[in-house]
Amino acid sequence: MALTFDRIQSDTIAAIATSTAEAGIGIVRLSGPDAFSITGNIFRNQEGKAVSISGWKSATIHYGFIVDPDAEDEKLDEVLVSILRSPHSYTTEDTIEINTHGGSYVEHRVLELVLRKGARLAEAGEFTKRAFLGGRIDLSRAEAVMDLIRSQNEFARKTSLACLEGSVEAKVKKLRSGLLYEIAFIESALDDPENYSLEGYPSKLDHILTEMIDELDRLLLFSKSGRVLTEGIDTVIAGKPNAGKSSLLNELSGSERAIVTEIAGTTRDTLEETVRIRDDYDSEILLHLTDTAGIHNTADAVEKIGVQRALKAIEHAQLILFVLDISRELNEEDIRIAEKLKSFGTRKKTIALLNKSDLPGRITKEDVRNIIPDSSPVISISLETGMGIRELKNEISRMFRLGDIQNSNEVFLANIRQCTLAQDARDSLALVRQSIRKGMPEDFFSIDLRNAYTSLGLIIGEEVEDDLVNEIFSRFCLGK
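Each value, and the rule that gives it
Residues numbered from 1 in each chain as written. Predicted model: local features only at pLDDT ≥ 70, side-chain atom pairs only at ≥ 80, totals over all residues. Heavy atoms only, no water. Salt bridge = Lys/Arg side-chain N within 4 Å of Asp/Glu carboxyl O. Helix = DSSP H or I, 4+ residues; strand = E, 2+ residues; numbered from the N terminus. Buried < 20%, exposed > 50% of the residue type's maximum accessible area, 1.4 Å probe, protein only. Pairing = 2+ DSSP bridges. Axes fitted to C-alpha atoms, helices over the stretch in contact; angles between N-to-C directions. Contact = heavy atoms within 4.5 Å. Core = buried A, V, L, I, M, F, W, Y, C linked by side-chain atoms within 4.5 Å. Phe/Tyr/Trp six-rings, centres within 6.5 Å; stacked < 30°, edge-to-face > 60°. Lys NZ or Arg CZ within 6 Å of the ring centre and 35° of its normal. Parallel < 35°, antiparallel > 145°, perpendicular 65-115°, else oblique. Left-handed = near helix turned anticlockwise from the far one by under 90°.

> How should the pattern of salt bridges be read in this particular structure?
Close approach of charged atoms allows side chains with opposite charge to pair. Following the criterion strictly, the structure yields 27 salt bridges and no others. For Asp11, the salt bridge is made with Arg130, and the minimal N-O distance between the two is 3.1 Å. Here Asp11 is found in the segment before strand S1 (13-16), whereas its partner Arg130 is found in helix H3 (residues 126-133), with 119 residues between them in sequence. For Asp11, a relative accessible area of 23% translates into the label partly exposed.

Rendered as structure tokens:
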């Protein structure tokens, strides 16, 4: 059963809507039927007099003081109070925003007073939850609010904003509208065969479904690639001891993040760093880098643990930067790492980096190509001079099609939940096509068409249940 605004609790909620760090402004937000009366009880104008705020116009700001009426109107702070009347507010309810001086103590004193006067502390994401339940935004837009807050680069910001403006909702509603028409036609034809003919309809429906499946495939493909830009690429730097792994981490992070010495085995554990790099086309790339211990046979108990952790990190990586020292011959350790990488097939992307290329080499690119996964790029670099780093950044961008993604106008699904539902809808449509090609009766078509319609509806919050809504909004921050 779908949720409705009538099922929202009738209480008034409140929370601090800004960071509690020291700042020029802090905001305590109230939303609900008693927001005005609670605020009126604790607000005084610049002359220190109580005023009735029930007559204040919506979208206006008023200067005054917050006082504690239980302590002879002791002033807590000088404030500006913003008024937003239902339904023209973020939550669609009567909403008050008390603009205090920023600072954890001041904000919490005002919040404590508001709670004492009848408000309830808001749950995580409850303001946005009420906006969704009030019909102001669909579920995809609600999720985009949190994605926008957490965005770590320009692409994440743009895609979250596009979703907030309704790009996903528009795409989903278009697909659902088409499905609803076909469902209605089948039901009408089965109920009234004299006026609705199904002759030739399966072939026509097959063509329509092919277009819908292609559209969903494209949506899923770009969304999967888009998550690489919004969430970053899990990247492991692997190689035998003293190949230059830690130097590469330092080069990409632009800092002395890892200790670098000529002593083999300096890094004995994984070292993690998130860095932003740019290619020549100004595409921003977020890398979650893990520098690993050198992978080799060792009797040292601590080094063994480091090697095991390195192999585990490789298992979970999307991209592996395989660093080799060309001043040394290939040995069993290099071969062992290469065989591990080849065992992943096409599931992981690998770039082989021939470090110390400013020195006389004992390894050629052809030597390396013979042991690494097929079609993996091989790049000559020197972490001493910076040679090849620019080429490496461009290659990462090319491998993950980052330039194509950033310059496209495609719609991107925001998260795994949305992608899973889109995949479910796609699979249901594929089942309809199978039924058509097996010559099944038309009433079989409508079952899977309805399943696809429902799956797409769940993306934007149609027919969504309480437990799912609560689970989604629990990931939000307080005050949003």
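> I tried to follow the sheet that holds strand S11 (residues 319-325) on my own but got confused; where do I start?
Strand pairing in a sheet is mediated by backbone hydrogen bonds. Such pairs are either parallel or antiparallel. What the six strands build is an open sheet, ordered S9-S10-S8-S11-S12-S13; its pairing is mixed. Two strands lie at the open edges of the sheet, namely strand S9 (271-278) and strand S13 (378-380), each paired on one side alone. The mean inter-strand angle of the sheet, taken between neighbouring strand axes irrespective of direction, is 25 degrees. Here strand S12 (residues 349-355) pairs with S13 via three bridges, running parallel. Within the sheet, the bridge partner assigned to Leu353 lies in S13 and is Ile379. Running at roughly 170 degrees to S12, helix H12 (residues 389-399) makes contact with strand S8 (233-238), S9, strand S10 (284-291), S11, S12 and S13 of the sheet.

> Just checking my understanding: could you explain the nonpolar core for this structure?
Among soluble globular proteins, nonpolar side chains are generally buried collectively. Judged by nonpolar contacts, the single largest core of 37 residues is most densely connected at Leu179, Leu205, Leu216, Leu429, Leu449, Leu456 and Ile459. For this core, the secondary structure elements donating two or more residues are helix H6 (167-191), helix H7 (201-231), helix H14 (416-437) and helix H15 (442-460). The biggest single contributor to this core is H7, with nine residues. Beyond its immediate chain neighbours, meaning those up to four positions away, Ile459 contacts Leu139, Ser140, Val168, Val172, Arg417, Gln418, Leu421 and Ala422. With 25 residues, the next largest nonpolar core counts Leu252, Leu353, Met399 and Phe400 among its residues.

> Help me understand the packing of aromatic side chains in this model?
Where two aromatic rings form a pair, the distance of their centres and the angle of their planes describe that pair. A complete count under the given rule lists four aromatic pairs for this structure. Residues Phe43 and Trp56 carry aromatic rings whose centres are separated by 5.5 Å and whose planes lie at 85 degrees to one another, so their mutual orientation is edge-to-face. One end of the pair, Phe43, is in strand S3 (residues 43-44); the other, Trp56, is in the loop between S3 and strand S4 (60-68), with 13 residues separating them in the sequence. Residue Phe43 is classed as buried on the basis of its relative accessible area of 1%. A cation sits over an aromatic face here: Arg176 above Tyr453, 3.7 Å from the ring centre. A cation over a ring is seen here: Lys348 above Phe344, with NZ or CZ 5.0 Å from the ring centre.

> Would you take a moment to explain the packing of helix H4 (residues 139-150) against helix H5 (residues 154-164) for this structure?
A packed helix pair is summarised by two numbers, namely the angle formed by the two axes and the spacing between the axes. Taken N-terminus to C-terminus, the directions of H4 and H5 make an angle of 155 degrees; their axes are 8 Å apart at the nearest point. Comparing their axes, H5 and H4 come out roughly antiparallel. You can see that H4 and H5 cross each other, and the crossing is left-handed. Residues Ser140, Arg141, Ala144, Val145, Asp147 and Leu148 of H4 form the contact with H5, whose participating residues are Arg157, Ser160, Leu161, Cys163 and Leu164.

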